[in-house]
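A structural walkthrough
In case you want the letters, here they are:
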Amino acid sequence: VGNGALAIESFNTTRKSGTPYDLVLMDVHMPEVDGMSATRAIRTHEASAGLARTPIVALTATVTAEDHAACLAAGMEGFLTKPLERERLVKMLSKLTKAAKAA
């Protein structure tokens, strides 16, 4: 989607339609609503509706420790940097799959 507001809307629409996302790659720096705010809105919706958490992985060009910590604090499960490398995405998906099986 083109901005964070549309990300929230798309997330909620897919949930209501019965075909929720399995994973969200959330751009951190989007117009209108940034990725961290969008993630917090999604987490609030999930909690208030009693829904299981959908894995959300940050996708950003910034790589500071502060950015990584802020993404995790916003409710994201992971952090990937741009340009996105296939191998790092596969590792993240594997990590999230193992965590889901353990839960």
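Just above, that's the structure.
Residues numbered from 1 in each chain as written. Predicted model: local features only at pLDDT ≥ 70, side-chain atom pairs only at ≥ 80, totals over all residues. Heavy atoms only, no water.

Further remarks concern the overall build of the protein. The helix and strand inventory of the protein stands at four helices and three strands. Counting helices and strands in the order they occur from the N terminus, the protein gives α-β-α-β-α-β-α. With the C-alpha coordinates of the protein rotated into their principal frame, the extents come out at 35 × 35 × 20 Å. The contacts in the protein between residues at least 6 apart in sequence include a share of 51% that link residues at least 24 apart. Just so you have it, the protein exposes about 6,200 Å², and 59% of that area is on carbon and sulfur atoms. For the protein, the distance from the average position of its 12 positive side-chain charges to the average position of its 11 negative side-chain charges is 8 Å. (Helix = DSSP H or I, 4+ residues; strand = E, 2+ residues; numbered from the N terminus. Contact = heavy atoms within 4.5 Å. Areas by Shrake-Rupley, 256 points an atom, 1.4 Å probe, with all protein chains shown as cover. Lys, Arg positive; Asp, Glu negative; His and termini not counted. Charge placed at Lys NZ, Arg CZ, Asp CG, Glu CD.)

A few words on the pattern of salt bridges. In this structure the tally under the stated criterion is seven salt bridges. A salt bridge links Glu 77 to Arg 43; the shortest N-O distance between them is 2.8 Å. In this pair, Glu 77 sits in the loop between helix 3 (65-74) and strand 3 (78-81) while Arg 43 sits in helix 2 (residues 35-49), placing the two residues 34 residues apart along the sequence. Note on Glu 77: relative accessible area 23%, which makes it partly exposed. What makes Arg 43 buried here is its relative accessible area of 10%. Across the pair Arg 88 and Glu 85 runs a salt bridge whose closest N-O atoms are separated by 3.7 Å. On the accessibility criterion, Glu 85 (45% relative accessible area) is partly exposed. (Salt bridge = Lys/Arg side-chain N within 4 Å of Asp/Glu carboxyl O. Buried < 20%, exposed > 50% of the residue type's maximum accessible area, 1.4 Å probe, protein only.)

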